[in-house]
Each structure stands twice: as structure tokens, then as C-alpha cells.
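# Notes for the structure review
Residues per chain, in single letters:
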Amino acid sequence: MQRFINDPDNLVDETVAGFVRAHSDLVRLDPENDRVVVSTTAPRPGRVGIVTGGGSGHEPAFIGYTGRNLVDATAVGELFSSPTAKSFADAIRAADGGKGVAVLYGNYAGDNMNVKMAKEMVAPDGIEVVTVVANDDVCSAPLTEREKRRGVAGEIFMWKIGGAKAALGGSLTEVQAAAQKAIDACRSVGVGLGPCTLPAVGHPNFSIEAGTMEVGIGHHGEPGVRVEKLASADAVADDMLKIVLDDHGLEDGAEVAVLVSGLGATPVNELYVLYNRIETRLQAQGIRVHKAFVGNYFTSLEMIGATLTVMALDSELKELLDMAAEAPGMSTGKVEAPEVTEGAQTHRSRGSRKEARSTVAKDVTIEGPSVPVAGSQEIVAEVAEVIVANKAYLSEIDGLIGDGDHGINMAKGFGRAAERISGKSLSLDEAMSVLSDVLMSEIGGSMGPLYGFMFQEMATTVQGRPAIDADGFSAVLNAALEGVRRTGSAKVGDKTLIDTLVPAVEAFDGAKSQGFVAALAAMRKAAEQGRDSTIDLVAKIGRASRLGERSRGVLDAGATSCCLILVALADSLEKRLG
């Protein structure tokens, strides 16, 4: 790769550090979380706080919209991955000025899960939290199912409007309504001409053949609605505008705001070529452009392409859009920096909600072959070793219908957990608890909370047992399944890790009367069959669900990593059973 990178694993941290140094007049790091960027004027006592967050690699989104009269605090995720629940919770606390906080974010599975968890985490602090979820990407779902659409560059208008309403002293309900009104008025579409490369992967996650273009592409490289021969700039602009306006239904005389953003590697002069045609066509249809934004506002690493967002305006949205705002990624006028008292940069107490671990032994009878719980941390270490070894493979299959970060994040989470238990004498539940904590507090995305809760429930079930026999491991597996189901909404057939986990648990339970080893063998076989079943499935949940039939023919990355975990557990336990 011809890139300015030190260690790919440190890229996000170094990006944030450089960003805060470069824009210290507008932003600062949260003192307790270096994955939270805060406006130098936040929190604003007596004002509603504005929070957003998302994966890195889209700069200036998301951190670039932290500033005055815009976003007060931003949670930072790994490349193309949702921030953790802890980062969202710390951002909420950092933005809270006593009148509640509006979290304005994009419609992705990981963000939805982690924001939901963050709201629960700050509830004991007495912070009222409302949310608005962006869903402006026209090509990601039909209008009749708009709640399933992705949030893309329309989020910028949502932040601008919500931030302005909060700056004017609007109540939490009024800020939420204004932000919702803004995103409801937005329609977006993207066209991709060339792919991007996640540094930790080292090669493009997807391909766009020379001389073709992907119409309706997502910001993570999600395929669009069709692949066509590359056309002239005017023809591309006409196509993008038709997609947006056909969905919008604007009347003659309407006023709009237009945003044309590059995806990272598109020369800015080409963006102006697109915009020139777009405004010309809008004028021909009796639609007036009140304000235009052209440049790199919401990128995707070095992807070649552009997005178009059109927001219909009324008098309220025009007033809020025109209001001065100042942030590294957008400036619509100089904002006088208010005097900030020392108290404006302090936080509410961030007490841990984690309950103390009980050491009371469970009243269970161990029957037949078993594995001691004490000193069995190596079981978790061996599972982590398998995940780390399959980092490239998991990212490769994820990149076929997703954004290619699954292996990267899984390896980082499991690898960090392995480092923290290395050299210690921990019980199995203690080691599982370490893994759960790392996944939920440091990894983010959708797999962070899903696997985090899975291992949390496993740890709770193991805790207090002297050993794990067949009945004990059955209880552990069923607790793991319950943890995943409580976190997500997937069912068998949706092309997710559930397609591996459910048959594996059922197979173990069905065979445990034949003995622990036989049950592990049945679980192993069922997990592999469940993983393989996802090849023929159409994704019904998560990012790949937008692809429809184009998601068929590829293994699901989550189902594959779940299979690796279960097989590694089976191998490790079987080895200790002798």
C-alpha cells in the first residue's frame, strides 16, 4: 500500500491525536476516553447536548463536525465500525449540560446496539437521552421500508439543523423534532468508480471493474442497485439526481440545500463538474438551490466516487441551516466562542455499573468427565489464538458483502484479551469476563456487543462451578445463545452467527446423553454445517441485507467466526477431558 501509515492497529488513535492537535481551538479529547472528541465549548449549561459517532475512515465525518453550534461530542469507532457503547456513553456525559442529550447517528446495526446500551449506561446519571437515526440513502431500501435505509451524507444536515436548534435554546423535544425533520427532508445516493482498502487488510474489499461504475454504493463499499458502464459526468449527475428526485417528490418552486461529497480520492474539480450539472437540472425543473456544499464532507478512505444529498427546505430549516456554525469539517460563519467556566469541562461521576463478582459456589453435581474451572484461562487464550490466526480470512469473506473489518476487529478484541490474561492464573469465568469486557468496551461494531454479551452470559453461568461437565457446558451454551438473542434480533435463516450458534447448541443438547466428548463432536459438526448453510442464504439483517440476492453465494463472516469459536472451544475442552 502506498499510504502514510505506521501501525494499522494504531491508525485511528493517531488520527484522533493529530486531529485534536490541529484543531485545538475547536476541539479537545475527553479526559477519560481518548475515543471521544469534545467541543471546547461543551458542555453548555442549560442547553441540550448534541452527540454523534461512527466508524473512522470517513473524515471529516464524524469528528470533523464537533465544534460550535454543531456537535458537542463525538464517539470514535475503529475503521468502518461503530464506536463502543462506552464511548457513546462517555460522549453523552461530556455533552450533557443538564437539559438532556440528542444522539444523532446513522442506521447501522452496530450503532443501534451500542447507542441503546449507552442510554442504559447513563440512565443512573439522570441524563435524558433521545435519538434520531439517519436513513437518507435511497438505494439501500424502498421508500415503503425507509426505516431500513442507511444513514449517509444526509447526517451532516441532521447535525447542522440539530446543533443550530440546540444553540438557540430549544428543548430536548424541539431539538429532536428539528433533527428528525431535517433527515426526513433528505435523500442521498452514491456512485462508486473505484474501491478502497482497509490498511489492516492490505487489499481492496471489493472490486469495480475498469470502465464501470457502481450506482447506489454505500460508504463502506456496500454494492448498489446496479453496475453500469462508466458514463460522462453529466450523465452520472442526471442519473443521481433522478434517483433522488423520484424518491423526493418535490414540487415546482421548492427550495433545497445540496451537498456533493467526494468519497476520498475524487478530485474536487470533478465534484464541481457534477454540481454544475446538478444545479442546472434543478433549475430546469423549477427547484431553487438555497445553499450548496461541494467538497470532501463524508469520505470512505480512498474510494473514488461521489455522493449527492438533497434536503428540501422550509422556513425553519432555512433559518437553522443559515445559522453560523464552526467546526473543522464545516464552517457557515464565525461563531463567537462563549466564555467557558472550569465546570463546563467536568463530567458527572462515571461509576461502574458492573456488579461485584460473586465467589459463592453453585450447588451443582458434577457427573462424568469434566474440566476444572480454576486455572483454565488457557481455554479462552486458545480460542483467541484461533480468531487471531484467521484475521485475514474473516476480513476477506466479510469484504465480499460487507466492509471487510470483521476479522480486523475480532482479532484486535480477542488478541487484547489474550494479552490481558497471559501469565495470570484465572478461572475460566474470570478469563471469559476479561474477553467480554474488552469486546464491549473497546471494539464496538455489531460484533463487540453480540460476542461481548455472549461471553458475559457464559462467564456468569460458569462462575461458582467447580468444574464443567456435559450438563454444565450445556448451560453455558444456552446462556451464550440467550446473550446473543437478547442483544440482537436475528433468527435462523437471516444469514448471521445465529445460523451457526442455534444448531450447535441444539446438537450438543441432543447428544449429551452419549457423553461429553460425543456431544462436543456433534456440536462441532453442527456448527460447521450451520456456517456452510449461510452460503445459500440471502442476508435479512445487518449491512448485507441491503444487497438482497447479491448477498447469496458468500459465507457470512459472523457465522464463520462463531464456528471458529465453537470449534476451538470443543477442541480445547476435549483435550482437557483426555
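Residues numbered from 1 in each chain as written. Predicted model: local features only at pLDDT ≥ 70, side-chain atom pairs only at ≥ 80, totals over all residues. Heavy atoms only, no water.

### Topic: the overall build of the protein
The line we're drawing: Strands are runs of DSSP state E lasting at least 2 residues, helices are runs of H or I lasting at least 4, and numbering of each runs from the N terminus. The size measure is the radius of gyration over C-alpha atoms, and the globule rule it meets is 2.2 Å times the number of residues to the 0.38 power. Residue contacts are defined here by distance: any two heavy atoms, one from each residue, within 4.5 Å place the two residues in contact. Here the open area of atoms and residues is found with the Shrake-Rupley method and a 1.4 Å probe, where only the protein chains shown may cover a residue. When charges are tallied, Lys and Arg are placed among the positive residues and Asp and Glu among the negative ones, while His and the ends of the chain are skipped. Note on charges: their place is set at NZ of Lys, CZ of Arg, CG of Asp or CD of Glu.
In terms of helices and strands, the protein carries 17 helices and 16 strands. Its C-alpha atoms give the protein a radius of gyration of 25 Å, within 12% of the compact-globule value 25 Å for 578 residues. Considered along the principal axes of its C-alpha atoms, the protein spans approximately 80 × 60 × 45 Å. Here the analysis covers contacts within the protein between residues at least 6 apart in sequence; of these, 74% occur between residues at least 24 apart. Accessible surface, the protein: about 22000 Å² in total, of which carbon and sulfur atoms supply 50%. Where the 56 positive side-chain charges of the protein centre and where its 77 negative ones centre are 2 Å apart.

### Examining the pattern of salt bridges
The criterion, for reference: What makes a salt bridge here is a side-chain nitrogen of Lys or Arg within 4 Å of a carboxyl oxygen of Asp or Glu, nothing more. Only protein chains enter the accessibility calculation, which uses a 1.4 Å probe. A residue is then buried if its area is under 20% of the maximum for its type, exposed if over 50%, and partly exposed in between.
Inspection of every chain in the model, using the stated rule, returns 37 salt bridges. Close ionic contact of D247 with R187 constitutes a salt bridge, the shortest N to O distance being 2.6 Å. Of this pair, D247 sits in helix α6 (residues 233–248) while R187 is found in strand β7 (residues 186–194), placing the two residues 60 residues apart along the sequence. Overall, the relative accessible area of 8% leaves R187 in the buried class. We note a salt bridge from E255 to R288, for which the minimum N-O separation is 2.0 Å. Within this pair, whereas E255 is found in strand β10 (residues 255–262), its partner R288 is found in strand β11 (residues 288–295), the two being separated by 33 residues in sequence. Each member of the salt-bridge network shares a partner with another, and the members are D13, R35, E78 and K412.

### Topic: the side chain of K412
Our working rule: For this analysis, a polar contact is any N or O atom pair within 3.5 Å, provided that within protein one partner can donate a hydrogen and the other can accept it, and provided that sequence-adjacent residues contribute only side-chain to side-chain pairs.
Within the element layout of this structure, K412 appears in helix α11 (residues 406–421). A residue is classified by how much of its surface remains accessible, and K412, at 8% relative accessible area, is buried. In terms of polar contacts, K412 uses its side chain to reach the side chain of E78, at 2.9 Å. Filtering out sequence-adjacent residues up to four positions away, K412 remains in contact with D9, E78 and I443.

### Examining the environment of L566
Position of L566 relative to the elements: it lies in helix α17 (residues 557–577). Residue classification places L566 among the buried residues on the basis of a relative accessible area of 1%. Each C-alpha atom, one on L566 and one on A527, is 7.1 Å from the other, the two residues being 39 residues apart in sequence. Residues within four places of L566 in sequence aside, it is in contact with L477, T500, L501, A504, M523 and A527.

### Here we look at the nonpolar core
Here is a general trend for soluble globular proteins: nonpolar side chains tend to be buried in one another's company. Stated formally: Nonpolar core, defined: a set of buried Ala, Val, Leu, Ile, Met, Phe, Trp, Tyr and Cys residues in which side-chain atoms within 4.5 Å join the residues together.
In this structure, F414, F473 and I565 are the most contacted members of the largest nonpolar core, which totals 66 residues. I565 has contacts with V383, I387, M410, F414, Y451, M454 and F455, leaving out every residue within four places of it along the chain. One finds A167, A179, L317 and L320 within the second-largest nonpolar core, a separate group that totals 44 residues.

### Quick word on the pairing of strand β6 (residues 129–134)
Consecutive side chains along a regular strand alternate between the two faces of the sheet. How we decide: Note on pairing: two strands pair once DSSP finds at least 2 bridges between them. With strands facing away from the observer, any crossover in which the path from the first strand over the helix to the second runs clockwise is taken as right-handed.
Pairing of strand β5 (residues 101–106) with β6 involves 6 bridges; the strand directions are parallel. Across the sheet, Y105 pairs through a bridge with V133, a residue of β6. The parallel pair β5 and β6, bridged by helix α3 (residues 109–122), forms a crossover whose chirality is right-handed.

### As for the sheet that holds strand β9 (residues 226–229)
For clarity, the cut-off: Only the stretch in contact is used when fitting a helix axis, every axis being a line fitted to C-alpha atoms; angles between N-to-C directions are given from 0 to 180 degrees.
Across the sheet, which stays open at both edges, the 6 strands sit in the order β9-β8-β7-β12-β10-β11 with mixed pairing between neighbours. Looking along the sheet, the strands with just one partner apiece sit at the ends: β9 and β11. Adjacent strand axes in the sheet meet at a mean angle of 20° when their direction is disregarded. The pairing of β10 with β11 spans 7 bridges and is classified as parallel. Considered in β11, the bridge of V256 is made with V289.

### Remarks on the environment of E209
With respect to the secondary-structure elements, E209 resides in the loop between β7 and β8 (212–215). A relative accessible area of 54% means that E209 is categorised as exposed. Expressed as a C-alpha distance, the spacing of E209 and L263, which sit 54 residues apart in the sequence, is 17 Å.

### Thoughts on the confidence of the model for the protein
Cut-off, in case you're wondering: pLDDT runs from 0 to 100 and stands for how confident the predictor is about each residue.
Averaged over the protein, the pLDDT score is 92; the fraction of residues at 70 or greater is 95%. Low pLDDT, under 50, characterises residues 341–347; the stretch is placed with 14 contacts to residues that sit more than four places away or in other chains.

### Points about the packing of aromatic side chains
Just so we agree on the cut-off: By convention, a stacked pair of Phe, Tyr or Trp rings (six-membered ring in the case of Trp) has centres within 6.5 Å and planes under 30 degrees apart, an edge-to-face pair has planes over 60 apart, and any other such pair is tilted.
Under the counting rule described, the total for this entry stands at 9 aromatic pairs. Here the aromatic rings of F473 and F516 are separated by 6.1 Å at their centres, their planes lie at 40°, and the arrangement is tilted. Residue F473 is located in helix α14 (residues 470–487), and its partner F516 is located in helix α16 (residues 516–533); the two are separated by 43 residues in the primary sequence. For the pair F473 and F516, a shared accessibility class is recorded, and that class is buried. Here the aromatic rings of F508 and F516 are separated by 6.0 Å at their centres, their planes lie at 85°, and the arrangement is edge-to-face.

### Concerning helix α12 (residues 428–443)
One full turn of an α-helix is made of 3.6 residues, so residues set three or four places apart face in the same direction. In plain terms, the rule: Multiplying one less than the number of residues by 1.5 Å gives the expected span of a helix.
With 16 residues, α12 should cover 22 Å at 1.5 Å per step; its first-to-last C-alpha distance of 22 Å lies within 8% of that length. Of the residues making up α12, those classed as buried are L428, D429, A431, M432, S433, L435, S436, V438, L439, M440 and I443. With its phi angle positive at about 75°, G444 sits one or two positions after the end of α12.

### Section: the packing of helix α10 (residues 391–401) against α17
Cut-off, in case you're wondering: Roughly parallel refers to an angle under 35 degrees, roughly antiparallel to one over 145, roughly perpendicular to one between 65 and 115, and oblique to any angle outside these ranges.
For the pair α10 and α17, the least separation of the axes is 9 Å and the interaxial angle reads 155°. When the interaxial angle is binned, α10 and α17 end up roughly antiparallel. Along the contact surface, α10 presents Y393, L394, I397 and D398, while α17 presents A557, T560, S561 and L564.

### Re the sheet that holds strand β1 (residues 27–30)
On the basis of which strands lie adjacent, the open sheet formed by 6 strands has the order β1-β2-β4-β3-β5-β6 and mixed pairing. Edge positions in the sheet fall to β1 and β6, since each of these pairs with one other strand and no more. Neighbour to neighbour, the strand axes of the sheet diverge by 25° on average, direction disregarded. In this structure, β1 lies alongside strand β2 (residues 33–39), joined through 4 bridges in antiparallel fashion. For D30, the partnering residue across the bridge sits in β2 and is N33.

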